[in-house]
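Report on the structure
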Amino acid sequence: MLSWKLPRLLTVQQVPKVFHEDSIICGYRSPRSSATACVLSLFQMTNETLNIWTHFIPTWYFLWRMLSLLSSPGALHDPYLWPLLVYLLSCCIYPLMSTCAHTFSVMSTQARHICFFLDYGALSLYSLGSAIAYSAYVFPDRWVNSIFHQWFVSCAVFNSIISTGMACYSRLGAPVLHYNELLIERFPEETRPRLSKVLRTTAFAHPYLFDSIPLFYRLFLCSGDDCTHNAALTMHIWHTILAFLTGFLFATHLPERLAPGCFDYVGHSHQLFHVCAILGTYFQMEVLIMDMNLRRTWLFNNSSMPTFSNTVGAWCLAILISLVLIAAFSWALYWKPESREKKRKL
């Protein structure tokens, strides 16, 4: 009879500092786990279990929504639907990448950083997918075809690339010149955790705030007949509330900071952060579809149709550059520059 031995769990004192989570005391997996042990740990209660399942299950729902859209007649040939398809693909990728990152991040120190580099890249692409959909469906009537509207996606591509680079830098650091030798400033999250947290929070907050400029204007500042006040506004507000709650939980580490050790397995901020992020994505998806349907006739008559270059093309360009950045930061994990004395001996 086949029997599986679940991996033994450790305390915070038993794992290297790079694996520590703020105010989480117990439930750590071994930092040298095999791939099999990582998969088996999905079926035992660790401090990562709910982080994984809260993103893995919604991935399949988002995939079902995307495939449902693709199965509709003429979906791939209708430029009006391309921004939504790019957005839905982004919604499938980021929770799946997060699932993989949290599952396999305990295989080694290098694996942990690479897993989260990929996770950060997926989040940046999700922000770009949101921007592409916002450009197509959410801009208030009075801003449609404006200079800002025309450059919106291009700026979002730039923000996505900067987001990936800054988030990766917050984990690894960068090459620095020290006494005429090129060294790597390793792991600022260990040596300067507050700076690392600020950089990472900024990396994700900045693209979201930029992408939401047309929505915030439409919700809170715009007045008049050309502000696109329709039935979608209530759901936009719910998504905005969840987005800010997600950022708050990520930045504050509440509630576990108030009672270290009490929320190790259930209820800590990263779990709540995942739940709020997924709920926010669900509301965002539904309201984008609602805006797309409600505004179809007006946008057909008053706005230029989305093109391949400012939808799929822009998204693929960001993927390519983000992968190059991730590869560079990953290579730096293994690069050990030799000192001048060693080079002279050779």
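Residues numbered from 1 in each chain as written. Predicted model: local features only at pLDDT ≥ 70, side-chain atom pairs only at ≥ 80, totals over all residues. Heavy atoms only, no water.

Describing the pattern of salt bridges
According to the stated counting rule, one finds seven salt bridges in the structure shown. Ionic pairing is found between Glu21 and Arg112, a salt bridge with its closest N-O pair at 2.9 Å. Of the two residues, Glu21 is situated in the segment before helix H1 (35-40) and Arg112 in helix H4 (residues 109-137); the sequence distance between them amounts to 91 residues. For Glu21, a relative accessible area of 32% puts it in the partly exposed group. Judged by relative accessible area, Arg112 falls into the buried class, the value being 5%. A salt bridge links Arg218 to Asp291; the nearest nitrogen and oxygen atoms lie 3.0 Å apart. Taken together, the positions of Arg218 in helix H8 (residues 213-221) and Asp291 in helix H10 (residues 269-294) put the pair 73 residues apart, joining distant regions of the chain. (Salt bridge = Lys/Arg side-chain N within 4 Å of Asp/Glu carboxyl O. Helix = DSSP H or I, 4+ residues; strand = E, 2+ residues; numbered from the N terminus. Buried < 20%, exposed > 50% of the residue type's maximum accessible area, 1.4 Å probe, protein only.)

What to know about the side chain of Ser160
Looking at the secondary structure, you find Ser160 in helix H5 (residues 147-172). When its relative accessible area of 0% is taken as the criterion, Ser160 is described as buried. Leave out the neighbours within four places in its chain, and Ser160 touches Ser124, Leu125, Leu128 and Ala318. (Contact = heavy atoms within 4.5 Å.)

Remarks on unusual backbone geometry
For the bond running from Leu254 to Pro255, omega is 10°, close enough to zero to count as cis. Mapped onto the elements of the fold, Pro255 is located in the loop between helix H9 (233-252) and H10. At Ser23, a residue that is not glycine, the phi angle is positive and equals roughly 65°. As for its position among the elements, Ser23 is in the segment before H1. Within the chain, Asn145 stands out as a residue other than glycine whose phi angle is a positive 70°.

Side note on the side chain of Gln271
Relative to the helices and strands, Gln271 is located in helix H10. A distance of 2.6 Å separates a polar atom in the side chain of Gln271 from the backbone oxygen of Tyr265. (Polar contact = N/O pair within 3.5 Å; in protein donor to acceptor, adjacent residues only side chain to side chain.)

Quick look at the packing of helix H2 (residues 49-70) against H10
When two helices pack together, their arrangement is given by the angle between their axes and by how far apart the axes lie. As a packed pair, H2 and H10 sit with axes 8 Å apart at the nearest point and diverge in direction by 15°. In terms of orientation, H2 lies roughly parallel with respect to H10. Considering how the two elements wind past one another, H2 and H10 form a crossing that is left-handed. Of the residues in H10, those touching H2 at Leu50, Asn51, Thr54, His55, Pro58, Tyr61, Phe62 and Arg65 are His270, Gln271, His274, Val275, Ile278, Thr281, Tyr282, Met285, Glu286 and Ile289. (Axes fitted to C-alpha atoms, helices over the stretch in contact; angles between N-to-C directions. Parallel < 35°, antiparallel > 145°, perpendicular 65-115°, else oblique. Left-handed = near helix turned anticlockwise from the far one by under 90°.)

Examining the state of the cysteines
Throughout the structure, instances matching the rule amount to one disulfide. In this model Cys92 remains outside any disulfide bridge; the closest cysteine sulfur is found in Cys91, 6.9 Å from its own. Assessed through its relative accessible area of 8%, Cys92 is described here as buried. Among the cysteines around Cys262, which has no disulfide bond, Cys26 carries the closest sulfur, lying 10 Å off. (Disulfide = S-S within 2.5 Å.)

Points about the nonpolar core
In this structure, Leu84, Tyr87 and Tyr137 are the most contacted members of the largest nonpolar core, which totals 47 residues. Contributing elements (two or more residues each) for this core: H2, helix H3 (82-104), H4, H5, H8, H10 and helix H12 (309-334). Here this core gets 10 residues from one element, more than from any other, and that element is H4. One finds Leu10, Val15, Ile24 and Tyr28 within the second-largest nonpolar core, a separate group that totals nine residues. (Core = buried A, V, L, I, M, F, W, Y, C linked by side-chain atoms within 4.5 Å.)

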